[in-house]
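The residues making up each chain are set out below.
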Amino acid sequence: MSDLSLPSPATLATALSHPLVPTLRAAQPTLWRNPALAPTATALGDVGLGADDVAQASARLRRFAPYLALKFPATVAAGGLIESPVQAAPALQAALGPAGAPPLPGRLWLKLDSHLPVSGSIKARGGLYEVLHHAERLALDAGLLRQEDDYRVLDTPPLRALFAAHQIAVGSTGNLGLSIGLMGATLGFRVTVHMSADARQWKKDRLRAHGVTVVEHRADYGAAVAEGRRQAEADPRCHFIDDENSRHLFLGYAVAAERLAPQLAAAGVVVDAEHPLHVHLPCGVGGGPGGVAFGLKLAFGDAVHCWFAEPTRSPCMLLGMLTGLHEGVSVRDIGLDNVTAADGLAVARPSGFVGRALQRLIDGVYTVDDAQLFRLLALTEATTSLRLEPSALAGVAGMGWVAPTLSPTLAAGATHLAWATGGSMVPEDEMAAYLARGRALLDG
Ligand SMILES: *Cc1c(COP(=O)(O)O)cnc(C)c1O
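This structure is a prediction, so every number in the text was calculated from the model and none was measured.

A.B. asks: It is not clear to me how the overall build of the chain should be interpreted in this structure. Could you clarify?
C.D. replies: A count of helices and strands for the chain gives 18 helices and eleven strands. Compactness check: the chain gives a C-alpha radius of gyration of 21 Å against a globular reference of 22 Å for 444 residues, within 12% of the reference. Counting only C-alpha atoms and orienting by the principal axes, one finds that the chain spans roughly 65 × 55 × 50 Å. Buried positions account for 59% of the 444 residues belonging to the chain.

A.B. asks: Even after reading the chapter, I still don't get unusual backbone geometry, so can you show me in this structure?
C.D. replies: Negative phi characterises most residues that are not glycine, and trans characterises most peptide bonds. Positive phi values are uncommon outside glycine, yet Ala 27 reaches one of about 55°. Structurally, the position occupied by Ala 27 is in the loop between α2 (21-25) and β1 (31-33). By relative accessible area, Ala 27 is classed as partly exposed at 22%. Phi at His 326 takes a positive value of approximately 50°, unusual for a residue other than glycine. Tracing the backbone through its elements, the reader meets His 326 in the loop between α13 (316-323) and α14 (352-358).

A.B. asks: Just to check I follow, could you spell out the nonpolar core for this structure?
C.D. replies: If you look at the biggest cluster of nonpolar residues, it comprises 144 residues, and the most contacted ones within it are Leu 154, Phe 163, Leu 187 and Leu 358. In terms of residue count, helix α11 (residues 247-266) provides more of this core than any other element does, ten residues in total. A domain split of this core shows at least three residues from each of domain 1 (9-50 + 82-118 + 248-443) and domain 2 (62-75 + 122-244). Leu 154 has contacts with Phe 64, Tyr 67, Ala 139, Leu 145, Leu 159, Arg 160, Phe 163 and Leu 187, leaving out every residue within four places of it along the chain.

A.B. asks: Would you mind showing me how to read the sheet that holds strand β6 (residues 213-216) here?
C.D. replies: Strand pairing in a sheet relies on backbone hydrogen bonds, with the paired strands running either antiparallel or parallel. Pairing within the open sheet is parallel, and its four strands lie in the order β6-β5-β4-β7. Single-partner strands in this sheet number two, and they are β6 and β7 (238-241). The average undirected angle you get between the axes of adjacent strands in this sheet is 20°. Where helix α6 (residues 123-141) meets the sheet, its contacts fall on β4 (167-172) and β7, and the angle it forms with β7 comes to roughly 155°. The strands touched by helix α9 (residues 201-209) are β5 (190-195) and β6; relative to β6, the strand with the most contacts, the crossing angle is about 150°.

A.B. asks: Could you clarify how one ought to interpret the packing of α6 against helix α7 (residues 157-164) in this entry?
C.D. replies: Between two packed helices, the angle of one axis relative to the other and the distance separating the axes together describe the packing. Running from N to C, α6 and α7 cross one another at 115°; their axes reach a closest spacing of 10 Å. In terms of axis orientation, α6 runs roughly perpendicular to α7. In the crossing of α6 with α7, the sense of the turn from one axis to the other is right-handed. Along its contact with α6, which presents Ala 135, Leu 138 and Ala 139, the element α7 presents Leu 159, Leu 162 and Phe 163.

A.B. asks: Looking at this structure, how should I read the site of the ligand?
C.D. replies: Contacts to the ligand come from 14 residues, most closely from Lys 123, Asn 175, Gly 286, Gly 288 and Thr 421. Within the backbone of Val 285, one N or O atom sits 3.1 Å away from an oxygen atom of the ligand. Taking Gly 287, its main chain carries an N or O atom lying 3.2 Å from an oxygen atom of the ligand. In isolation the ligand offers 380 Å² of accessible surface; the protein chains occlude 99% of this area. If one sorts the elements of the shell around the ligand by residue count, helix α12 (residues 287-300) sits on top with three residues.

A.B. asks: Can you help me understand α13 in this one?
C.D. replies: One turn of the α-helix equals 3.6 residues, which is why residues spaced by three or four share an orientation. Counting buried positions over the eight residues of α13 gives eight, a clear majority of the element. All of the buried residues in α13 are Cys 316, Met 317, Leu 318, Leu 319, Gly 320, Met 321, Leu 322 and Thr 323. Of the surrounding secondary structure, the elements contacted by the buried residues of α13 are α1 (9-15), α2, β1, β9 (304-311), α14 and β10 (364-368). Looking one or two places after α13, you find Gly 324, whose phi comes out positive at around 75°.

A.B. asks: How should the domain arrangement of the chain be read in this particular structure?
C.D. replies: Accessible area lost upon the coming together of the parts is a frequently used measure of interface size. Segmentation of the chain into domains returns domain 1 (9-50 + 82-118 + 248-443) and domain 2 (62-75 + 122-244). With centres defined by C-alpha atoms, the gap from domain 1 to domain 2 works out at 26 Å. With 37 residues of domain 1 at the interface, the matching set in domain 2 holds 30 residues. Of the roughly 2800 Å² buried where domain 1 meets domain 2, counting both sides, 60% is carbon and sulfur surface. Together, Val 118, His 248 and Leu 249 form the three largest contributors to the area buried by domain 1 at its contact with domain 2, with a combined 25%. Between domain 1 and domain 2 we count five salt bridges in total.

A.B. asks: Sorry, what's going on with the packing of aromatic side chains here?
C.D. replies: Summed over the entire model, instances satisfying the criterion amount to five aromatic pairs. Both rings, one in Phe 250 and one in Phe 294, keep their centres 5.6 Å apart while their planes meet at 25°; by these two values the pair is stacked. One end of the pair, Phe 250, is in helix α11; the other, Phe 294, is in helix α12, with 44 residues separating them in the sequence. With a relative accessible area of 1%, Phe 250 lands in the buried category. Relative accessible area serves as the criterion here: at 0%, Phe 294 is assigned to the buried category. A centroid spacing of 5.9 Å and a plane angle of 55° characterise the contact between Phe 374 and Tyr 434, whose relative ring orientation is tilted. Residue Phe 374 is located in helix α15 (residues 370-384), and its partner Tyr 434 is located in helix α18 (residues 428-443); the two are separated by 60 residues in the primary sequence. Accessibility expressed as a relative area gives 2% for Phe 374, which makes it buried. Within the aromatic cluster, the residues linked to one another by ring pairs are Phe 250, Phe 294 and Phe 353.

Parameters and conventions
Residues numbered from 1 in each chain as written. Predicted model: local features only at pLDDT ≥ 70, side-chain atom pairs only at ≥ 80, totals over all residues. Heavy atoms only, no water. Helix = DSSP H or I, 4+ residues; strand = E, 2+ residues; numbered from the N terminus. Rg over C-alpha atoms; globule rule 2.2 N^0.38 Å. Buried < 20%, exposed > 50% of the residue type's maximum accessible area, 1.4 Å probe, protein only. Core = buried A, V, L, I, M, F, W, Y, C linked by side-chain atoms within 4.5 Å. Domains from an automatic or database assignment. Contact = heavy atoms within 4.5 Å. Pairing = 2+ DSSP bridges. Axes fitted to C-alpha atoms, helices over the stretch in contact; angles between N-to-C directions. Parallel < 35°, antiparallel > 145°, perpendicular 65-115°, else oblique. Left-handed = near helix turned anticlockwise from the far one by under 90°. Near = heavy atom within 4 Å. Polar contact = N/O pair within 3.5 Å; in protein donor to acceptor, adjacent residues only side chain to side chain. Areas by Shrake-Rupley, 256 points an atom, 1.4 Å probe, with all protein chains shown as cover. Buried area = accessible area lost by both parts, 1.4 Å probe. Salt bridge = Lys/Arg side-chain N within 4 Å of Asp/Glu carboxyl O. Phe/Tyr/Trp six-rings, centres within 6.5 Å; stacked < 30°, edge-to-face > 60°.

This is how it looks when you write it as structure tokens:
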């Protein structure tokens, strides 16, 4: 946060006089509808990136596909692309409403980024993409690669030696570090991951087993990022991956949307003005949900509605957009502690880049408390057999918030797609503990 200019106390106090702030301060689950929402055509220009940029990112991922298929057998079926399926979840939908009440109108689907190859979370999109982008630039500049080449050449000694002379650093609550560490180490880079205090032990163990240097910080995500940035600045051969500001990460996430459109079409899901698509995206610092939302707006225009889901104790994007202060406000400014079991979402200060880019493109943000995340975790497992990590359940709460706000016709025609952002790599014992906690809450 070295380059951050904070608002004056008077500006902050005025911004925090918003009528929703007491609800946020009390950590009460709430829905905020974005008053700045504008037609897609008007607001897309705010992002500073366009369809061309997403197309280039997509083409870059296709160039790497033969290499990824070589190194990660789980990607072979998809031709070396890192992609996940969609799945209808009618039984989960039926279980969402209060017992005895009529089911929520519309249809619930899940997007299973929980099962993405390599790192089992949405971070396998942005994190991998940025490492690949960096590796490609180094190799092209060194004259060791041409874009027309078969990228499996990256797995040969001259290229591996090039990457071994370079370093990658990142600060993370866990999943970003896992994605960047595994991809970077596979290419041959030296990687250092600065982990915040809330990062899970198994993620650190897994990285160390792959030769990644893990530095543990006693403070939260913001401090881990600051330390990664500081270390990288001192070394010109070190590339710092900036989760808060990186356009590369953002574009890596955005590619998801152009692949989702044919998936939905193949599944018979119609998306148009009468059949709106409501996409529910768990939000931490904002890059993942922001990049996906940007791609969705490019692909579906006004027919798609993007909602961000945040923990009640870490509603950083909600607070940043509501006040217009973005990275200038922290959840600590309203007395929240940024403690949640949704480790990917435990972020106190949002990305200012994402907040400004999407200020007029997202429909709103709602908050979910940890007890609800664990109930949804157990309900999802009971109705679909899918095992997701707590963060990934935040968007599953969204249909319950949004469906009742729609007209009966639009509600009936709507598809709700909850982005299940992570979970397939959680160790068995950890998952058993999550499930036990969720089942106890459902029974209680
Ligand atoms: C990182 C993460 C998110 C949110 O992405 P941001 O880019 O931090 O907003 C959501 N779910 C999981 C599981 C994550 O790891």
